[in-house]
Amino acid sequence: MGLDVGSKTVGVAVSDLMGWTAQGLETIRIDEEQEDFGFDRLLQLIEENQVKTVVIGLPKNMNNTLGPRAIASQSYGEKLLQLLPELTIHYQDERLTTSQAERMLIQEGNVSRKKRKQVIDKIAAVIILQNYLDANTN
């Protein structure tokens, strides 16, 4: 499962059973300030999809350092691991995935701005997971 963690939403993607391709699943609304991380829904999705490994996008700065969003993503992963200690969590460099997802939706899909906003995090999660799968499958 791939996650694109933001302060208001978490994009969710899953791979096929062979671990070759990533597909977007949904976007979960969260409220980081209220400490509502959407774990109820996420845990349902993990169970339904028999997830063993979660890949969380790590939005590094362009100079390869970790800024506040990257630290928040790591914190999200740590909280998830407290709930499900049997999970394996990996962090995948996700620099520019959101802009890549937006470009895809504009150029290839000609998707309106309103609709892009609704699916951008899910598409970013797909890119994060697909990049991980491409780098880690033989």
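Each value, and the rule that gives it
- Residues numbered from 1 in each chain as written.
- Predicted model: local features only at pLDDT ≥ 70, side-chain atom pairs only at ≥ 80, totals over all residues.
- Heavy atoms only, no water.
- Helix = DSSP H or I, 4+ residues; strand = E, 2+ residues; numbered from the N terminus.
- Buried < 20%, exposed > 50% of the residue type's maximum accessible area, 1.4 Å probe, protein only.
- Contact = heavy atoms within 4.5 Å.
- Salt bridge = Lys/Arg side-chain N within 4 Å of Asp/Glu carboxyl O.
- Core = buried A, V, L, I, M, F, W, Y, C linked by side-chain atoms within 4.5 Å.
- Polar contact = N/O pair within 3.5 Å; in protein donor to acceptor, adjacent residues only side chain to side chain.
- Pairing = 2+ DSSP bridges.
- Axes fitted to C-alpha atoms, helices over the stretch in contact; angles between N-to-C directions.
- Phe/Tyr/Trp six-rings, centres within 6.5 Å; stacked < 30°, edge-to-face > 60°.

**Observations regarding the overall build of the protein**
Then, number 1: Along its length, the protein carries 4 helices and 5 strands.
Then, number 2: Helices and strands appear in the protein in the N-to-C order β-β-β-α-β-α-β-α-α.
Then, number 3: When each of the 138 residues of the protein is scored for burial, the buried share is 41%.
Then, number 4: A separation threshold of at least 6 residues defines the contact pool for the protein, and within that pool the share at least 24 residues apart is 61%.

**Description of the pattern of salt bridges**
Then, number 1: This structure, assessed with the given rule, holds 3 salt bridges.
Then, number 2: Taking the shortest distance from any N to any O, the salt bridge between R69 and E32 comes out at 3.0 Å. Of this pair, R69 sits in helix α2 (residues 68-83) while E32 sits in the loop between β3 (22-29) and α1 (39-48), and the two are 37 residues apart along the sequence.
Then, number 3: Residue E32 is classed as partly exposed on the basis of its relative accessible area, which comes to 24%.
Then, number 4: In this structure, the salt-bridge partner of R41 is E48, at a minimum N-O distance of 3.8 Å.
Then, number 5: Overall, the relative accessible area of 54% leaves E48 in the exposed class.
Then, number 6: A single network of salt bridges, built from pairs that share partners, joins E26, R41 and E48.

**Examining the nonpolar core**
Then, number 1: If you look at the biggest cluster of nonpolar residues, it comprises 21 residues, and the most contacted ones within it are M1, L3, L42, V54 and L80.
Then, number 2: Among the elements of the structure, β1 (2-5), β2 (9-15), α1, β4 (53-58) and α2 are those that each provide at least two residues to this core.
Then, number 3: Counting residues per element, this core draws most heavily on α1, at 4 residues.

**Let's talk about the environment of Q23**
Then, number 1: Take Q23: it is sitting in strand β3.
Then, number 2: Note: C-alpha distance between Q23 and V12 (11 residues apart in sequence) is 8.8 Å.
Then, number 3: Sequence-distant contacts of Q23, defined by excluding residues within four places in its chain, comprise A13, V14, S15, D16 and V126.
Then, number 4: A distance of 2.7 Å separates the side chain of Q23 from the side chain of T21, its partner in a polar contact.

**Observations regarding the sheet that holds strand β5 (residues 88-93)**
Then, number 1: An order of β3-β2-β1-β4-β5 is seen for the 5 strands of this open sheet, with the pairing classed as mixed. Each edge of the open sheet carries a strand with a single partner, namely β3 and β5. With strand direction ignored, the average angle separating the axes of adjacent strands in the sheet is 25°.
Then, number 2: The sheet contact formed by β4 and β5 spans 6 bridges and is parallel. In the strand pairing of β5, V55 is matched with H90.
Then, number 3: Contacting β1, β2 and β3, α1 crosses the sheet at an angle of about 155° to β3.

**Description of the packing of aromatic side chains**
Then, number 1: Under the definition given, this model contains 3 aromatic pairs.
Then, number 2: Ring centres 6.1 Å apart and planes at 75° place the aromatic pair F37 and Y76 in the edge-to-face group. Separated by 39 residues along the polypeptide, F37 in the loop between β3 and α1 and Y76 in helix α2 bring together distant segments of the chain.
Then, number 3: Residue Y76 is classed as buried on the basis of its relative accessible area, which comes to 2%.
Then, number 4: Through a chain of ring-to-ring contacts, three or more aromatic side chains come together here, namely F37, F39 and Y76.

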